[in-house]
Each structure stands twice: as structure tokens, then as C-alpha cells.
Amino acid sequence: MSDAHVGTLEHTHDEEHVAHQFDNAQQQYESGNLGMWLFLLTEVMFFGGMFGAYAVYRTWYPDAFEIASRTTNIPLGAMNTLVLIVSSLTMALGVQSAQLGKRKRLAWMIALTMFFGLVFLGVKAAEYSEKWHHQHVPGLNWNWTEGEGGREVQILFCLYFAMTGMHAMHMVVGVGIMTWLLITALKGRYSPAYYNPVEISGLYWHFVDIVWIFLFPLLYLI
Amino acid sequence: MSALTEPRHYTSELNYLNNGWTLKSWLLTKDHKRIAMLYLISITVFFALGGLFAAAVRLELLTPPGDLMDAETYNKMFTMHGVIMIFFFLIPSVPATLGNFLVPMMVGAKDLAFPRVNLLSWYLYVLGGIFAIYAAVQGGVDTGWTFYTPYSSTYSNTAVIVTAMGAFVAGFSSILTGLNFIVTVHKMRAPGLTWGRLPLFVWAHYATSLIQLLGTPVVAITLVLMMLERGLRIGFFDPALGGDPVLFQHLFWFYSHPAVYIMILPGMGVISEIVTCFSRKHVFGYPFIAGSSLAIAILGFFVWGHHMFVAGQSTYASMVFSLITFFVAAPSAVKVFNWTATMYKGSVSYATPMLYAMGFIGLFTIGGVTGVMLATTALDLHLHDTYFVVAHFHYVMVGGMVMAFMGGLHFWWPKMTGRMYHEIWARISAGLVFIGFNLTFFPQFILGYMGMPRRYHAYPEEFVVLNVMSTAGSSVLGVGYLLPAIYFIYSLYRGEQAPPNPFRAKGLEWETPSPPPTENFLTTPVVTEDAYAYAEKEVKALV
Ligand code: HEM
Ligand SMILES: [Cu+2]
């Protein structure tokens, strides 16, 4: 992060991409970053509401939650966790490529990140359809045959779909951002003097990954 | 440097208003001043709409029996009134109009940090508004503005999802505005504008923005869960399915109590500016007013339980929430004392903005003190869900925030439009608003104390006199709000040209032409003194 700063400082003479409301590239760079961090703060609160609900019901119905989480597909979930961690790596390498001005590698890294994002969504879709087959989708296709406590188990599945669904929607947005980044990167928009969009998109991507890192143990493992 | 000593005339120059007349130049503008104007027009429309629903409520309550409309219709009327007034008028009122216009100018910037995001926020607001209007056309909603489950998610047969969707979307417009303000204040202050020199208006908006960022997402997700529960018949909050309806209330008030400070802090910022200007004095206790905004923003997140004293919350929790609620009144009181001290021995003049500001100080104090009464658990047992609560929040929201909004609008109207409004008419309507307001809402304290519950379309005979007073007052109030609409619009065509600084006020926004050029300042301003160096200036002028 800190070398990133130095990078822009050296290149403040490159005013080509500075929007009219800013005095210089440095101010624009810092504003963009702060803006994204604040946005992620709102995202923390957004998911926080659901984590709060999870905590409450988990405390109330520990047994039902245990039964329910046993029906999740741990291998698929673990695989998706790995996929996302790797995608975070490629994203970070992408930002680094932009900083170093390696345009070709930047395009590759963005494409890879996008690819892993799509893999994640594919696996997620497979899991959802598995749940559908087992009739584990509250409201739409629900039939709990695995013993007692269906009422409480249902709540965990509601939370499961709300939380992973909301996360998946963020992934879709992320893939959209990657598509846009890829197009602009191929046009040669980014350089060591101007790579802020890559960096803040990266922040978003890492955040969405981190949410999953919390979701996986809470919904699958414990 | 001062417009006071050497009057300038910029009238013929290009400014943000005459710089392009096409519809497109407005609808696709990225200029924060034009976006502020777009917001001003749209929230005025919603204010009028919300006012119509209020009129329906007051008309029904003119007589004891439910004769004008049936109970269901009445429920829809007060719900639509609350939803529109809170989400589509009061929350964006000061921040999205005056804040949008002034925050960049007060920090000496050319625009907000993210002009496109700013425009997006207006479009989100409009989209949310369309949802709300669509819901009204669909037959309305009857859940109350609080959307309590399980009524909202299971039993109500009205357009709940559409309305909640409107509030959800409008919430994002509010988040984006807050985000823009914070980044702008952090990163785009003019040279010399240290944090200690920031106008209190900016401090207030900074604190408001924090609440918008931290609180609004929580209500957003809560509404999503409620909509899912309703749409799919699943149970997050439905007790029949193992859910907990009180959890909804916790999540809802976790935002909505802080949200009431979104609806007052910006107004407090306005009052700080007006009171200093018309007392011609340095503000008393600058750090305390600035700090109390932050204190309110932070403490406000820990008091939501005072809405749930009778909702099955444990006595222990109620005691703690009650105590913290007492604390949260302290920073508000600090502000009131500081404004009063600012006026003390000042050369006070009673121009229209100052009339509104003084109205604010008195009425907000009543609203705040009755809030503390409601925060005592024993009293609240009796007063909860009575007209006392209705009177309390109208004293803070209408007596406080709407007064501040009107005061601010008069104060900065010459700056925003380049025209002077008619001072006499403005004072008359300020008087009407004050009288009408008190006549409308003071009787409601007594009604609530006597036990009249809120949200019923009929009431026993013995409450009739006070209810008639209230309805009569509301018509006076209505006239008081209609007059400004007329003389403001008139001023656009016939008003006198406004000089750059008609009130001889301090602040960067007054050092640029009225209306300001698109880039705000002809040259980048440099700040060399405190925000409220009124006294110093006068002394220097004498010497
Ligand atoms: C001085 C600080 C304040 C205190 C101590 C306070 C306290 C309270 C309490 C205890 C209640 C719950 C009453 C009940 O439902 O039984 C309440 C309700 C309410 N307050 Fe305040 N309040 C304060 C300031 C404000 C402000 C500044 C606003 C808005 C600008 C506001 C808006 C409301 C609203 C809208 C409700 C009713 C919500 C509903 O049930 O529909 N309050 N207040
Ligand atoms: Cu509250």
C-alpha cells in the first residue's frame, strides 16, 4: 500500500486523468480510496444486520442449526473458499501489475480474477440446485424430512439463502466490475501514474472474499 | 477581500444557473449546485404530497366518530404521511439541498469529491419516490412508517413490498450523499481551512454523514429480510415459523433512532450559522458545538431500546437504554445553551432566518425535554403510543428540522438564486408557521397525557376540543408553508438582485457572486481566520 502512495506522488505531473473538481492526481487518488473504504464500511453494516440475526438465532436454536449445517455440502463450500482465495491473489497481482505498468499481465490477472469469480458462481448454483432437489429451499420448495425441529431448521436455511444470496449478488457485481476493468485495461487506460480504478475495484473484490471467509465456517462448519 | 467594504457587481457574469438552459443540462448535470436544486424541487413535491395526507388525517380527527373515512383508509393516510415525510422529505431535506449546495462551497472546493455519484443519488431518490407514489396509487400501505412485523410481513393486504422497496432505494441515495460529504470534507478543504476553522454547518453534516453510512445499511437489510419474508412466506421474524418479531424492531430502531439524528443534526448546523450571523458574534463554545454533533452521532447508536420499553424487552435492558437516552440529550442541550450564549449581548436582528432560528431553539427544546420524559420507563408505560409521542416527535421534526430548513432556505436563497425574497411576507409567514405549529401540536401533548392513543380514526367525545384546536392549527400551518412557495417563486422573476453577501455573513460561500459561478470561486480561496470572526471584523472596521 505504501509504495502505491510513493508511486503516485512521483507522477503527480501526469494530470491527464484528473477530474475537474480535484486540484491534482494525489487528491483524486486519496479521495477515491477513502470513498471505497467508506463504501465498504456501509457494506460491513449491511451484512452485519444479517450476521446479527444469525447470532441471535444461533444462540436460541443451537441444535437445529447444527442439524441444518450438516446438510450443507462441505467439499463444494471448501472448494469455493479456495477459489476465492486464489482470486484474491490474482486480484492483488493485478493491482501490482498496474502499478508496475505491466499492461499485459494486468489484463491477464483481471481475466483470471473474473474467471475464478465465475467458477465460484457456478459452484454456488450447483449447491443451490442440490438444495432444491433435497427440498431445502424455504418458501419455494420446503419439506423437512430429516427429523424433529423443522421449524427452527427452516430459519437457518432462510439465513443461508439470504446471506449467500446477498454475497452472490455482490460477486455478480464484482464480475461486472472486472469486465469493465478488462475492457478499459485492454484499451491501455492504466499506468503507474493512474491505476486507482484497479486498486479500488480490488478493495471491493477482497471485501467480498472476506465476507465469504466468514460465511463458510458459520454456515457450513459449525 | 471583504464584500462588506467594497461592493462588487457580478450580475452579468456567467453563473451556474444561466450556464445552459436545456432540460438535459439539468438532468445530466454533475454540478452540486444544480443537483441541490433538483433535490429542492423534488422534496418540495413530496412535502406537498405528505402534507395532503396529513390534511386527511387532521380532517378525520376533526370530529370524534370515524365519519370521513373508515379505519383502513385512515391507517393508510397516516402511513403514507409518515413514509413520505420521513424517507422522502425530512431525511434528504437539509443535507441533499442546502448541504449539497453549501458543503463544497464552505470548504472552498469546486464540487463534491464524486459529482457523478451525487447525480446518481438524486436518481436513486427519484426512483424510490416513484416506488412510493406507485404504492399510493396501488391503494396505499397501512403498516405505519415503522413496518413492524408480523403485520407488515404476514397480515397486511396493502402495497408493503413496493413501499419498503421505495424506502430501501431512497436509503442508498442517502448513503451516497453521506459518503460524498465525508470524502469532500476530508480531502478537499481549501488551503488554511483546518478542522478547527470548519463552519459548524459542515461539522453537523459530517456527523450526519457518519450516521448515514453506519445506520442506513442496517435498515436496508432489515427491509430486505422483511420483504423476503412477505414475498416468499418464510420466517425470519414470523413467530409461527420460529422467528422473532422483536428482532425486527431491534434491527429497525438500530437504524431509525440514529436516523432521527439524521433528521436533526443538519438543522442544528443551519441554526449555528444563522444565530452567529444575526447576533454578529463569534459563536460561543465552538469546540463544544462541533464535538456535540459527533457525540450525538455516536451515542445515538446505543439508545434504540427506548422505542421498545413495552415490547417485551427485559427490564434490565430498558434501564440501561433509559440511562443512555438521558445521556444523549446532554449534547443537544449543550448546543441549545451555546446558541443562547451566542445571542447574549450580541447585536441581535430579527430578519426572517433569525425568526426561524429562534423558533427552532424554543421548539426543539420542548421536543427534547419531552423526549427525556419519554425516556423514563415509568412515564413511558403510560405515554407510549399516545399522542404525547406524536407531539414529541413533531416538536423535534417539524418544530426543529423543518424550522431549520425554512430558516436555512431563507438565509441562503439569495445565494442560491441571486434574488431577494420579500422580507415582510417572509416574516408574516414565519409568524404563521410558529403560531400554526404550536396550535397544532401543543394540544397533542395534553391529549396524549389524557390517554388518547395514536393511530385510531375515532376518539371519545371528551377529546374533541383539543382535536379541533389541532386541526385548526394545522390549517394555519399549511398557509404558513404555502406563502413561501409563492413569494420564493415570485422572487425568481421579480425579486431584487442579491448582492454577494446580503446578510454580511462570514463564510466562504459569501465571498463569491450570487448565484455562484459553476466552479464556485473565481479564484481558489485561502482561509486565514476562524469561521465566525464576526466580532473581530467589526472591531477592526472601527479602528
Ligand atoms: C433530546 C433527545 C431525544 C430524546 C431523549 C428522545 C426520546 C424519545 C423516546 C423515549 C421515544 C419513544 C417514545 C415511545 O414510543 O413511547 C421517542 C420517540 C420518537 N422520537 Fe424522540 N427523542 C429525542 C429526540 C428526537 C429527535 C431529534 C427526533 C427527530 C428529529 C425524534 C423523533 C422521534 C420519533 C419519530 C419518535 C416516534 C417513533 C414512532 O414510534 O413512530 N426524537 N423519542
Ligand atoms: Cu429514538
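Residues numbered from 1 in each chain as written. Chains lettered and ligands numbered in written order. Predicted model: local features only at pLDDT ≥ 70, side-chain atom pairs only at ≥ 80, totals over all residues. Heavy atoms only, no water.

Enquirer: Mind showing me how you'd approach the overall build of chain B here?
Expert: Regarding its fold elements, chain B presents 17 helices and zero strands. Within chain B, contacts between residues separated by at least 24 positions form 83% of all contacts whose residues are at least 6 apart in sequence. Total accessible area on chain B is roughly 20,100 Å²; 71% of this is exposed by carbon and sulfur atoms. Charge centroids of chain B, computed over 28 positive and 26 negative side chains, lie 11 Å from each other. (Helix = DSSP H or I, 4+ residues; strand = E, 2+ residues; numbered from the N terminus. Contact = heavy atoms within 4.5 Å. Areas by Shrake-Rupley, 256 points an atom, 1.4 Å probe, with all protein chains shown as cover. Lys, Arg positive; Asp, Glu negative; His and termini not counted. Charge placed at Lys NZ, Arg CZ, Asp CG, Glu CD.)

Enquirer: Looking at this model, I keep getting lost on the packing of aromatic side chains. Mind explaining?
Expert: Aromatic rings considered in pairs are described by the distance between their centres and by the relative angle of their planes. In total, this model carries 61 aromatic pairs over all chains according to the counting rule given. A centroid spacing of 6.2 Å and a plane angle of 65° characterise the contact between Tyr29(A) and Tyr195(A), whose relative ring orientation is edge-to-face. Placement of the pair is Tyr29(A) in helix H2 (residues 25-60) and Tyr195(A) in the loop between helix H6 (150-186) and helix H7 (196-221), with a sequence separation of 166 residues. Using a relative accessible area of 4% as the deciding quantity, one classes Tyr29(A) as buried. By relative accessible area, which is 2% here, Tyr195(A) ends up buried. Here Phe252(B) and Trp253(B) contribute two aromatic rings whose centre-to-centre distance is 5.2 Å and whose plane-to-plane angle is 85°, an arrangement assigned as edge-to-face. A network of ring pairs unites the aromatic residues Phe120(A), Tyr128(A), Tyr160(A), Phe161(A), Trp212(A), Phe216(A) and Tyr220(A) as a single cluster. The ring centre of Tyr160(A) lies 4.7 Å from the NZ or CZ of Lys131(A), which sits over that ring. The aromatic ring of Trp26(B) is capped on one face by Arg34(B), whose charged end is 4.2 Å from the ring centroid. (Phe/Tyr/Trp six-rings, centres within 6.5 Å; stacked < 30°, edge-to-face > 60°. Buried < 20%, exposed > 50% of the residue type's maximum accessible area, 1.4 Å probe, protein only. Lys NZ or Arg CZ within 6 Å of the ring centre and 35° of its normal.)

Enquirer: Looking at this structure, I do not really get unusual backbone geometry. What am I missing?
Expert: Most peptide bonds adopt trans geometry, and most residues besides glycine take a negative phi value. All names here are of chain B. Looking along the chain, the bond that leaves threonine 149 and enters proline 150 is cis, with omega of -5°. Position of proline 150 relative to the elements: it lies in the loop between helix H4 (115-137) and helix H5 (151-155). Here serine 514 and proline 515 are connected by a cis peptide whose omega angle stands at -15°. Here the phi dihedral of phenylalanine 147 falls at roughly 50°; this positive angle occurs in a residue that is not glycine. Look at phenylalanine 147 and you get buried, because its relative accessible area is 0%.

Enquirer: Please explain the site of ligand 1 as it appears in this structure.
Expert: Residues and elements named next belong to chain B. Surrounding ligand 1, one finds 22 residues, the nearest of these being Trp145, Asp380, His384, His392 and Arg454. One nitrogen or oxygen atom from the side chain of tryptophan 145 is found 3.0 Å from an oxygen atom belonging to ligand 1. Aspartate 380 has a polar side-chain atom sitting 2.5 Å from an oxygen atom of ligand 1. Considering only residue class, the shell around ligand 1 consists of 13 nonpolar, seven polar and two charged. (Near = heavy atom within 4 Å. Polar contact = N/O pair within 3.5 Å; in protein donor to acceptor, adjacent residues only side chain to side chain. Nonpolar A, V, L, I, M, F, W, Y, C, P; charged D, E, K, R; others polar.)

Enquirer: Explain the packing of H2(A) against helix H7 (residues 200-232) of chain B here, please?
Expert: With their axes 8 Å apart at the nearest point, H2(A) and H7(B) run at an angle of 40° to one another. Compared by their axis directions, H2(A) and H7(B) come out oblique. Classified by chirality, the crossing of H7(B) by H2(A) is right-handed. Residues Leu38(A), Leu41(A), Thr42(A), Met45(A), Phe46(A), Gly49(A) and Met50(A) of H2(A) touch H7(B), and the partners they reach there are Leu213(B), Leu214(B), Pro217(B), Val218(B), Ala220(B), Ile221(B) and Leu225(B). Residues belonging to the contact of H2(A) with H7(B) are distributed by class as follows: 12 nonpolar, two polar and no charged. (Axes fitted to C-alpha atoms, helices over the stretch in contact; angles between N-to-C directions. Parallel < 35°, antiparallel > 145°, perpendicular 65-115°, else oblique. Left-handed = near helix turned anticlockwise from the far one by under 90°.)

Enquirer: I'm lost on the coordination of the copper ion (ligand 2) in this one. Help?
Expert: In ideal tetrahedral geometry, four donors around a metal make angles of 109.5 degrees, whereas ideal octahedral geometry with six donors gives angles of 90 or 180 degrees. All names here are of chain B. Those donors, His257 (ND1), His306 (NE2) and His307 (NE2), are the protein atoms that reach the copper ion (ligand 2), and they lie 1.8 to 2.0 Å from it. As a motif over one chain, the donors of the copper ion (ligand 2) read H-x48-H-H. Between the copper ion (ligand 2) and the iron atom of ligand 1, the interatomic distance is 4.6 Å. Note that histidine 257 is positioned in helix H8 (residues 245-262) and histidine 307 in the loop between helix H10 (286-299) and helix H11 (315-343), a separation of 50 residues in sequence. What makes histidine 307 partly exposed here is its relative accessible area of 22%. (Donors = N, O, S within 2.8 Å, 3.2 Å for Na, K, Ca; no water.)

Enquirer: I keep staring at the coordination of the iron atom of ligand 1 and nothing clicks. Help me out?
Expert: For the iron atom of ligand 1, the protein supplies a single donor, His392(B) (NE2), at a distance of 2.1 Å. With respect to the secondary-structure elements, His392(B) resides in helix H14 (residues 387-417).

Enquirer: Honestly, the packing of H2(A) against H7(A) in this entry has me stumped. Any pointers?
Expert: Each pair of packed helices can be summarised by the angle the axes make with each other and by the distance between the axes. All names here are of chain A. Running from amino to carboxyl end, H2 crosses H7 at an angle of 15°, the nearest separation of the two axes being 10 Å. Considered as vectors, H2 and H7 are oriented roughly parallel to each other. When you trace H2 past H7, the crossing you get is right-handed. Tallied by class, the residues present in the contact of H2 with H7 amount to 18 nonpolar, four polar and three charged.

Enquirer: Hey, could you run me through the interface of chain B and chain A in this one?
Expert: Bring the parts together and some accessible area is lost; that lost area is often taken as the interface size. Contact residues are listed per partner, giving 40 residues for chain B and 33 residues for chain A. By the criterion of area lost to chain A, the three top residues of chain B are Lys187(B), Ile221(B) and Phe236(B), representing 18% of everything that side buries. Inspection of the chain B/chain A interface yields two salt bridges. In this structure, Lys110(B) engages Asp23(A) in a salt bridge whose closest nitrogen and oxygen atoms are separated by 3.3 Å. Across the contact surface, chain B and chain A share seven residue pairs in polar contact (both at pLDDT 80 or more). With 10 residues, the single largest contributor to the side of chain B that touches chain A is H7(B). Across the side of chain B that touches chain A, the residue classes tally to 30 nonpolar, four polar and six charged. (Buried area = accessible area lost by both parts, 1.4 Å probe. Salt bridge = Lys/Arg side-chain N within 4 Å of Asp/Glu carboxyl O.)

Enquirer: Hey, could you run me through the side chain of Thr146(B) in this one?
Expert: All names here are of chain B. With respect to the element layout, threonine 146 can be found in the loop between H4 and H5. Taking relative accessible area as the criterion, threonine 146 reaches 6% and is therefore assigned buried. For threonine 146, the contacting residues outside a window of four places in its chain are Phe248, Phe252, Trp253 and Arg455.

Enquirer: Help me out: how do you make sense of the pattern of salt bridges in this one?
Expert: Oppositely charged side chains may form a pair once their charged atoms are brought near each other. Residue and element names in this part refer to chain B. Applying the stated rule across the entire model yields seven salt bridges over all chains. Across the salt bridge formed by aspartate 31 and lysine 33, the nearest N and O atoms sit 3.0 Å from each other. For the salt bridge of glutamate 423 with arginine 427, the shortest nitrogen-to-oxygen distance reads 2.7 Å. Pair noted here: glutamate 423 and arginine 427 are both in helix H15 (residues 423-450), with a separation of four residues, about one helical turn. Taking relative accessible area as the criterion, glutamate 423 reaches 24% and is therefore assigned partly exposed. Using a relative accessible area of 38% as the deciding quantity, one classes arginine 427 as partly exposed.

Enquirer: Looking at this structure, I do not really get a nonpolar patch on the surface. What am I missing?
Expert: A cluster of nonpolar residues, Leu59(B), Leu62(B), Leu68(B) and Val468(B), forms a patch on the protein surface that exposes about 320 Å² of accessible area. Along the polypeptide, Leu62(B) turns up in the loop between helix H2 (32-60) and helix H3 (71-106). (Patch = residues over 30% accessible without salt bridge, like charges linked within 9 Å, V, L, I, M, F, W, Y side chains within 5 Å.)

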